[in-house]
Amino acid sequence: MVSINPSLILVSIIQVIIALVFSPLVSGIIRKIKSYFQSRKGASVFQPYRDLLKFFKKESTISENSSIISIFAPFIVFASYLSACVLFPFLGFKNGSGYDLITFIYCFGVARFFIALAGMESGSSFGGMGSSREMMISALSEPVFSIVLFALSLSVLSYNLNSMLSSGWSIPGILLSISMFIIVIAESSRLPVDNPDTHLELSMVHEGMILEYSGPLLGIFHYASMLKQFILIALFVSIFSPNIENFVLAIFIKFLLFLLTVFLIAFIESIVPKMRLFKLPGFFFATGILGVLAILIYFIK
C-alpha cells in the first residue's frame, strides 16, 4: 500500500505556486536588465504578466492543416514542466522522499517532444524548420545535461535529487557548475544558442515552432517556457549553493544566488551575439568535456 506524506504534498503545492507566480517575473527582470545594458528604459518587469493576460483574452486560431495534437500539445508541455517542478525540491526540504532524477529528465523530454510535434503539425515551413533545429539542439544539449546530472549523482552515489542539493563546492563541482550554467542558457532558449526576442527566419528556433499559434494556446506555450526557465535556474542554484543548516539563511542565500544567475544570463545576452547553428556542436562538445573531466576526477579520487 502506497503511503501519502502530507508534508510532501504541501511542499509540492507551495513549490508549484511559487513557480507559477514568479516565473513571468524572472523573464521580466531579464528583459529589464538587458534594456539597461543596451541604454534603453525598457518595459516594466511585470510586462510578461500583461502579455500573458493579453494572450488569454484573445481567440485561439490554429492552422487548418493541424490535428487535435496542436490543441493538446500546449497543455501537455505545460503539465510536463509542472510535474518537473513537483519532482524537484528547490525549496530544500529534505524529507526523505524520493525525487527521482530520471523522471525529472523524462518530464523535460516529453515537453520537448510535444512542442516539436506541435511545430510540425501546422504544416508551416517555419514550424518544421524550428522543430528540426530544436531536435538538433536537443541532440547536442541533452547528452551534456545527462553527463552533468550523472556526475552529480556519482558524487553522492544516488539518483535522488534530494541528495544532490548543495553538493557543488569542489573542483568537479566548479566544472559541473560551468557546464550546468551553459545548459541552463541553452535549454531556456537564450543567447547565444537561441534568441527569444526574434522572429527572423535565420535565427529563430523556439519561436519558429509556435509561430502558427495565437491566443490562449500561444500564451500557454509562453508560460511553459517561462516555467521551464525558472525551474532550470532554481535547479542550478539549489545544486551549487552552499550547504547551510539554518533554513531561513539557506533560503536567503539561494534567493541572492538566483538573482545573481538571472543577472548573469541577462549580462551574457547583452554582450554575445547569436551563435551560428553549425558552431553549436563544438560549443556543446566543449561543455560536455567539463562534465567528463568532473566524472574522471570523481573516479580518480
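Just so we're clear, the structure is a prediction, and the values are computed from it rather than from any experiment.

Colleague: How would you explain the overall build of the protein chain if you had to name every residue and give the values?
Modeller: Counting secondary structure elements, the protein chain contains eleven helices and zero strands. N-terminal to C-terminal, the α/β element order of the protein chain is α-α-α-α-α-α-α-α-α-α-α. Taken over the C-alpha trace, the protein chain has a radius of gyration of 19 Å; the compact-globule value for 301 residues is 19 Å, and the two agree within 12%. Counting only residues that meet the buried cut, the protein chain has 50% of its 301 residues in that class. Look at the contacts in the protein chain between residues 6 or more apart in sequence, and 81% of them connect residues 24 or more apart. Split by element, the accessible area of the protein chain, about 14,300 Å² in all, is 71% carbon and sulfur.

Colleague: How would you sum up the packing of helix α3 (residues 69–87) against helix α4 (residues 101–121)? Please name residues and give values.
Modeller: Running from amino to carboxyl end, α3 crosses α4 at an angle of 165°, the nearest separation of the two axes being 8 Å. Between α3 and α4, the angle falls in the class roughly antiparallel. Remark: the crossing between α3 and α4 carries left-handed chirality. Contacts from Ile 69, Ser 70, Ala 73, Ile 76, Val 77, Ser 80, Tyr 81, Ser 83, Ala 84 and Leu 87 in α3 reach Thr 103, Phe 104, Cys 107, Phe 108, Val 110, Ala 111, Phe 114, Ile 115, Leu 117, Ala 118 and Glu 121 in α4. Each residue belonging to the contact of α3 with α4 can be placed in one class, and the counts come to 16 nonpolar, four polar and one charged.

Colleague: An account of the pattern of salt bridges is requested, with residue identities and associated values reported.
Modeller: Inspection of every chain in the model, using the stated rule, returns six salt bridges. For the salt bridge of Glu 142 with Arg 112, the shortest nitrogen-to-oxygen distance reads 2.8 Å. Taken together, the positions of Glu 142 in helix α5 (residues 125–156) and Arg 112 in helix α4 put the pair 30 residues apart, joining distant regions of the chain. Taking the shortest distance from any N to any O, the salt bridge between Glu 187 and Lys 228 comes out at 3.3 Å. Placement of Glu 187 in helix α7 (residues 171–187) and of Lys 228 in helix α9 (residues 215–240) is noted, with a sequence separation of 41 residues between them. For the pair shown, Glu 187 and Lys 228 are each scored as buried. Residues joined by salt bridges that share partners form a network here, namely Arg 112, Glu 134, Glu 142, Glu 187 and Lys 228.

Colleague: I'd like a description of the packing of aromatic side chains, backed by residues and values.
Modeller: Applying the stated criterion across every chain, the model contains 14 aromatic pairs. With centroids separated by 5.8 Å and ring planes inclined at 55°, the aromatic side chains of Phe 37 and Phe 263 adopt a geometry described as tilted. Here Phe 263 lies in helix α10 (residues 247–271) and Phe 37 lies in helix α1 (residues 6–37), a separation of 226 residues in the sequence. Taking relative accessible area as the criterion, Phe 263 reaches 36% and is therefore assigned partly exposed.

Colleague: How would you summarise a nonpolar patch on the surface if you had to cite specific residues and measurements?
Modeller: A contiguous nonpolar surface patch, about 520 Å² in accessible area, is contributed by Phe 37, Leu 260, Phe 263, Leu 264, Phe 267 and Ile 271. Sort the elements by how many residues they give to the nonpolar patch and α10 lands first, with five residues. Its place among the elements puts Leu 264 in helix α10.

Calculation rules
Residues numbered from 1 in each chain as written. Predicted model: local features only at pLDDT ≥ 70, side-chain atom pairs only at ≥ 80, totals over all residues. Heavy atoms only, no water. Helix = DSSP H or I, 4+ residues; strand = E, 2+ residues; numbered from the N terminus. Rg over C-alpha atoms; globule rule 2.2 N^0.38 Å. Buried < 20%, exposed > 50% of the residue type's maximum accessible area, 1.4 Å probe, protein only. Contact = heavy atoms within 4.5 Å. Areas by Shrake-Rupley, 256 points an atom, 1.4 Å probe, with all protein chains shown as cover. Axes fitted to C-alpha atoms, helices over the stretch in contact; angles between N-to-C directions. Parallel < 35°, antiparallel > 145°, perpendicular 65-115°, else oblique. Left-handed = near helix turned anticlockwise from the far one by under 90°. Nonpolar A, V, L, I, M, F, W, Y, C, P; charged D, E, K, R; others polar. Salt bridge = Lys/Arg side-chain N within 4 Å of Asp/Glu carboxyl O. Phe/Tyr/Trp six-rings, centres within 6.5 Å; stacked < 30°, edge-to-face > 60°. Patch = residues over 30% accessible without salt bridge, like charges linked within 9 Å, V, L, I, M, F, W, Y side chains within 5 Å.

Everything listed here is a matter of coordinates, which is why it stays silent on function.
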